[in-house]
Amino acid sequence: MRFHNLSLFLLGSQIASTSAFAPQTVQNARTSLYATNPQQNVVDTIESIDATVKGALSGMALAAALWTAPALMAGTMDQIPSVASNDVFTSSIASAKEMASGSGTRVNKDPESLLRYGLPINNKEVRNLQKSIEDIRINVSSKRKSAALDDLKKARGIINTKESKMTPSCRDAKVCSDILASMKSELEPLEATLRASVDYQSGSEQERKALDNSYLAQDKIQKELTILEEQMIPAGYQTPVPSDYDDLPQLKGRATVEMVVKKADGEKFDIEGQLFSEAKMKMIIDGYAAPVTSGNFVDLVQKGFYTDMDIQRSDGFVVQTGDPKGEAEGYVGTPSKSVGAGKHGERLIPLEIFPKGDKGPFYETTIEDEGRGGEATVLPFSSYGAMGWAREEYDPNTGSSQFFWLLFDSDLTPAGKNVLDGRYPVFGYVVEGADFLRDVKEGDIIASAKVTEGSENLVQPK
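About the thresholds
- Residues numbered from 1 in each chain as written.
- Predicted model: local features only at pLDDT ≥ 70, side-chain atom pairs only at ≥ 80, totals over all residues.
- Heavy atoms only, no water.
- Core = buried A, V, L, I, M, F, W, Y, C linked by side-chain atoms within 4.5 Å.
- Buried < 20%, exposed > 50% of the residue type's maximum accessible area, 1.4 Å probe, protein only.
- Helix = DSSP H or I, 4+ residues; strand = E, 2+ residues; numbered from the N terminus.
- Contact = heavy atoms within 4.5 Å.
- Axes fitted to C-alpha atoms, helices over the stretch in contact; angles between N-to-C directions.
- Parallel < 35°, antiparallel > 145°, perpendicular 65-115°, else oblique.
- Nonpolar A, V, L, I, M, F, W, Y, C, P; charged D, E, K, R; others polar.
- 1 Å grid on protein atoms, 1.4 Å probe; cavity = no way out; pocket = protein on both sides within 12 Å on 5 of 7 lines; lining within 4 Å.
- Points joined across faces, edges and corners; volume = space filled by probe spheres on them.
- Phe/Tyr/Trp six-rings, centres within 6.5 Å; stacked < 30°, edge-to-face > 60°.
- Salt bridge = Lys/Arg side-chain N within 4 Å of Asp/Glu carboxyl O.

On to the nonpolar core, then. Counting residues in hydrophobic clusters, the biggest one holds 45 residues, and the most contacted among them are Ile 285, Phe 297, Tyr 306, Phe 403 and Trp 405. Broken down by secondary-structure element, the contributors of at least two residues to this core are strand S5 (254-262), strand S6 (269-271), strand S8 (279-286), helix H8 (291-302), strand S13 (386-389), strand S14 (403-406), strand S15 (426-432) and strand S16 (445-453). A total of five residues in this core trace back to one element, the largest contributor, which is H8. Sequence-distant contacts of Tyr 306, that is, excluding residues within four places in its chain, are made with Phe 297, Leu 300, Val 301, Gly 322, Trp 389, Ser 401, Phe 403, Ile 446 and Ala 449. In this structure, Cys 170, Leu 180, Leu 225 and Ile 233 belong to the second largest nonpolar core, which totals 31 residues.

The next point concerns the packing of helix H6 (residues 173-199) against helix H7 (residues 205-230). Running from N to C, H6 and H7 point in directions that differ by 170°, and their axes come no closer than 8 Å. For the element pair H6 / H7, the angle class is roughly antiparallel. Within the contact of H6 with H7, the residues separate by chemical class into 15 nonpolar, six polar and four charged.

Think of a ball as big as a water molecule: rolled over the atoms, this probe shows where empty space is left. Volume-wise, the second largest pocket comes out at about 400 Å³. Lining the second largest pocket are 20 residues, and of these Tyr 117, Leu 119, Pro 120, Ile 121 and Gly 357 lie nearest its centre. Grouping the amino acids of the lining of the second largest pocket by side-chain chemistry returns 10 nonpolar, six polar and four charged.

To continue, consider the packing of aromatic side chains. This structure, assessed with the given rule, holds 16 aromatic pairs. Relative to Tyr 306, the ring of Phe 305 lies with its centre 5.1 Å away and its plane at 85°, an arrangement referred to as edge-to-face. In terms of burial, Phe 305 and Tyr 306 fall into one category: buried. On the basis of an interplanar angle of 90° and a centroid distance of 5.3 Å, the ring pair of Tyr 306 and Phe 403 is categorised as edge-to-face. Within this pair, whereas Tyr 306 is found in the loop between H8 and strand S9 (313-314), its partner Phe 403 is found in strand S14, the two being separated by 97 residues in sequence.

On inspection of all chains with the given rule, the structure shows 29 salt bridges. With its nearest N and O atoms 2.7 Å apart, the salt bridge here joins Glu 272 to Arg 438. Note that Glu 272 is positioned in the loop between S6 and strand S7 (274-276) and Arg 438 in the loop between S15 and S16, a separation of 166 residues in sequence. Assessed through its relative accessible area of 55%, Glu 272 is described here as exposed. A salt bridge links Arg 372 to Asp 358; the nearest nitrogen and oxygen atoms lie 2.8 Å apart. Placement of Arg 372 in the loop between strand S12 (362-363) and S13 and of Asp 358 in the loop between strand S11 (352-353) and S12 is noted, with a sequence separation of 14 residues between them. One salt-bridge network, in which partners are shared between bridges, spans Asp 110, Glu 112, Arg 137, Asp 219 and Lys 223.

Below is the structure:
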């Protein structure tokens, strides 16, 4: 796969299916990544693209208009950082009110927040509660202590006054009442750590420890919030899928996949100076937003398809795998009658896109082809480690087993200019260990890939 025809105006990209997913030179005013023969040589590096783009942009007045007030955002938050570090969220990171696709000048990069927004629920009060709790996290990370305390006060007020409007949406109102009571009690130690941080000198070790403890306390509340929102999914809910795809695996809900990657040469992973013998990642796979794509992935994980497979691309833009050894470019298995098989017998799946506000995904076409370009999708490509399904450029139904982790870069996919959304499906996010993707290289080996939760949600073909 090659990064081809990079647009100086959109700075987005399409992802396509092959182990040779590699950048190419800047040519025309559009963007695409397309399939090539896996044996083709890699001709450029992502660094050269970045340098070319930045050089061209510096001389273009129109580019300046497109890049008005770009977000200045830090890396992932999969491991608890020191809030005194430069590696934490800044105040420019989106609050919960930002559109999931990242329209505007800020973008929500928190995978757990995006997954909460992706849940098929409809309760205004719990979304307001979510915003307040997530804003605490943002303000703790940017050391805006007073703002964090204000958000805590808002969250407490919502729990105290709006419980009667939240619990009726739950499958079991008593369960939700208990969760809300627990969240309310957990706000007390969070408030204590925040107030303690106010008393310490800015930049001191005491302040850092107090804010780190605040971050941990907020994270505990945030996890309870997820359980609360999951209780609001209607009993028996399934994302509607056309019967044409009944002969493909489907995920009716969510699943957790844990993956371990190791260096083929026995070297260690170097993450900001810390060495690790293996990279452990935890991923939430979302069958609500992409039931066919997610079902295909979980099915292949359960089959052991990805175990002992090598990483086939890592260039600073994506990490990609899923191309097995041999002439086949995907998983060879019983094909779907509606989609058919690949040229080497690969089981193919249809392109699956779920715009926000729709009742379910549409299939076999892109959002632009539907005349809806620029609309937000339920799960966006806005988080480091967002998982997308690879395919050939001009055929939407050529995905089989190859997928990628997007290494979100505000230069390549700036807020409001992300043209990946609606062209490729996001079917999950890395929620723990995404930092390891920084040092995952071509030739590294997936030592194991296992479904640890949600396997009962996988429905095999009829």
